Amino acid sequence: MFVLWWACVSATACASDGRWVELAGQRYAVEVAETDEARARGLMFRDSLAEGHGMLFIHEREERQAYWMKNTRIPLDILYFDSELRLVSQQRNVPPCSAGDRCPPYPSSGPARYVLELNAGEARRLGLEEGTVLALGPAIDPAR
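Here is a short report on the structure shown in this document. Predicted model only: the values in this text are computed from it and were never measured.

### Considering the overall build of the protein
Thought 1: The number of helices and strands found in the protein is three helices and nine strands.
Thought 2: Looking at the protein as a whole, 41% of its 144 residues are labelled buried.
Thought 3: A sequence separation of at least 24 residues applies to 73% of the contacts in the protein between residues at least 6 apart.
Thought 4: Here the protein displays about 7900 Å² of accessible surface, and carbon together with sulfur accounts for 52% of that area.

Quick look at the structure:
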């Protein structure tokens, strides 16, 4: 019982600090990759991503983006959003890759400024389509 309570409190704490995004009616607690180092590392070397969590990358400019899964151990959905926070491209069920620099890139099909990584299958579960709008929580500064 205590474990269930602690999990609930922990999840609420993450989401209540304002570091969340909302997509198709679903809220996700997110880590924001704020530095070049954090953006380069992303979700590398992690064995799991908790349900209802993700990682948000904010780029300085809206341009075509390409992400890869180098040293990433969990399958992900990679979602690309433009400056208006509209979904412009999605790479679903991207597999883990342990091939180092031989891991393939997963590019956006159009210019993007925000990239959201979620557990694989979330985009399908939400029925995401291009044009879906992403909402940012109050602690996320879009002007980074």
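We are not done yet, so read on.
### Quick look at unusual backbone geometry
Thought 1: Unusually for a residue other than glycine, Ala24 sits at a positive phi of about 50°.
Thought 2: Relative to the elements of secondary structure, Ala24 occurs in the loop between β1 (20–23) and β2 (26–33).

### Overview of the sheet that holds strand β5 (residues 76–81)
Thought 1: Read from one edge to the other, the open sheet built from seven strands follows the order β6-β5-β8-β3-β2-β1-β9, with strand pairing classed as mixed. The open sheet is flanked by β6 (87–94) and β9 (134–136), the only strands paired with a single partner. Ignoring which end each strand starts from, the neighbouring axes of this sheet average 30° apart.
Thought 2: For β2 and strand β3 (residues 53–63), the ladder comprises five bridges, and the chain directions are parallel. Paired with Val30 across the two strands is Gly54, which belongs to β3.

### Let's talk about the state of the cysteines
Thought 1: Counted according to the given criterion, the structure contains one disulfide.
Thought 2: A sulfur-sulfur distance of 2.0 Å marks the disulfide that ties Cys97 to Cys103. When the S-S torsion is -100°, as for the bridge of Cys97 with Cys103, the disulfide is left-handed. Taken as a pair, Cys97 and Cys103 share a single burial class, namely buried.

### Overview of the pairing of β6
Each regular strand displays side chains that alternate between the two surfaces of the sheet.
Thought 1: As paired strands, β5 and β6 are joined by five bridges and run antiparallel to one another. When the sheet's bridge partners are listed, Tyr80 is paired in β6 with Ser89.
Thought 2: The turn joining β5 and β6, which pair antiparallel and follow one another in sequence, is formed by five residues; a positive phi near 65° is taken by Leu85.

### Some words on the pattern of salt bridges
Thought 1: Per the counting criterion, the structure on display carries seven salt bridges.
Thought 2: Across the pair Arg73 and Asp47 runs a salt bridge, and its minimum N-O distance is 3.2 Å. Residue Arg73 is located in the loop between β4 (66–68) and β5, and its partner Asp47 is located in the loop between α2 (36–41) and β3; the two are separated by 26 residues in the primary sequence.
Thought 3: Under the relative-accessibility criterion, Arg73 is labelled partly exposed at 44%.
Thought 4: A relative accessible area of 62% places Asp47 in the exposed class.
Thought 5: A salt bridge links Arg61 to Glu63, with the shortest nitrogen-to-oxygen separation between them at 3.5 Å.

### What about the packing of aromatic side chains?
Between two aromatic rings, the relevant description is the distance of the centres plus the angle of the planes.
Thought 1: A complete count under the given rule lists two aromatic pairs for this structure.
Thought 2: Between the aromatic rings of Phe57 and Tyr67, the centroid separation amounts to 5.0 Å while the plane-to-plane angle is 80°, which identifies the pairing as edge-to-face. Separated by ten residues along the polypeptide, Phe57 in strand β3 and Tyr67 in strand β4 bring together distant segments of the chain.
Thought 3: Given the relative accessible area of 1%, Phe57 is considered buried.
Thought 4: Each ring, one from Tyr67 and one from Tyr80, has its centre 6.0 Å from the other, and the planes form 80°; the classification is edge-to-face. In this pair, Tyr67 sits in strand β4 while Tyr80 sits in strand β5, placing the two residues 13 residues apart along the sequence. Here Tyr67 and Tyr80 have matching classes, each one buried.

What counts, and where the lines are drawn
Sequence order as written defines residue numbering, which begins from 1 separately in each chain. Confidence filtering applies because this is a predicted model: local features only for residues at pLDDT of at least 70, side-chain atom pairs given and counted only at 80 or more, and all residues used for totals across whole chains, interfaces and linings. Calculated side-chain values reflect all of the structure's heavy atoms, with hydrogen atoms and water omitted. Strands here mean DSSP runs of E at least two residues long; helices mean DSSP runs of H or I at least four residues long; both are numbered from the N terminus. Under the scheme applied here, a residue whose accessible area is under 20% of the maximum for its type counts as buried, over 50% as exposed, and between as partly exposed, the area being computed with a 1.4 Å probe on protein chains only. Contacts are assigned to residue pairs with any non-hydrogen atoms lying within 4.5 Å of each other. Areas reported here follow the Shrake-Rupley algorithm with a probe of radius 1.4 Å; residue values treat only the protein chains shown as occluding. Two strands qualify as a pair provided that DSSP identifies no fewer than 2 bridges between them. Note on method: axes are straight lines fitted to C-alpha atoms, helices fitted across the in-contact stretch only, with angles between N-to-C directions ranging 0 to 180 degrees. Only a pair of cysteine sulfur atoms within 2.5 Å qualifies as a disulfide here. We define a salt bridge as a side-chain nitrogen of Lys or Arg found within 4 Å of a carboxyl oxygen belonging to Asp or Glu. Here a Phe, Tyr or Trp ring, Trp counted by its six-membered ring, pairs with any other such ring whose centre lies within 6.5 Å, and the pair is stacked when the planes are under 30 degrees apart, edge-to-face when over 60, and tilted otherwise.

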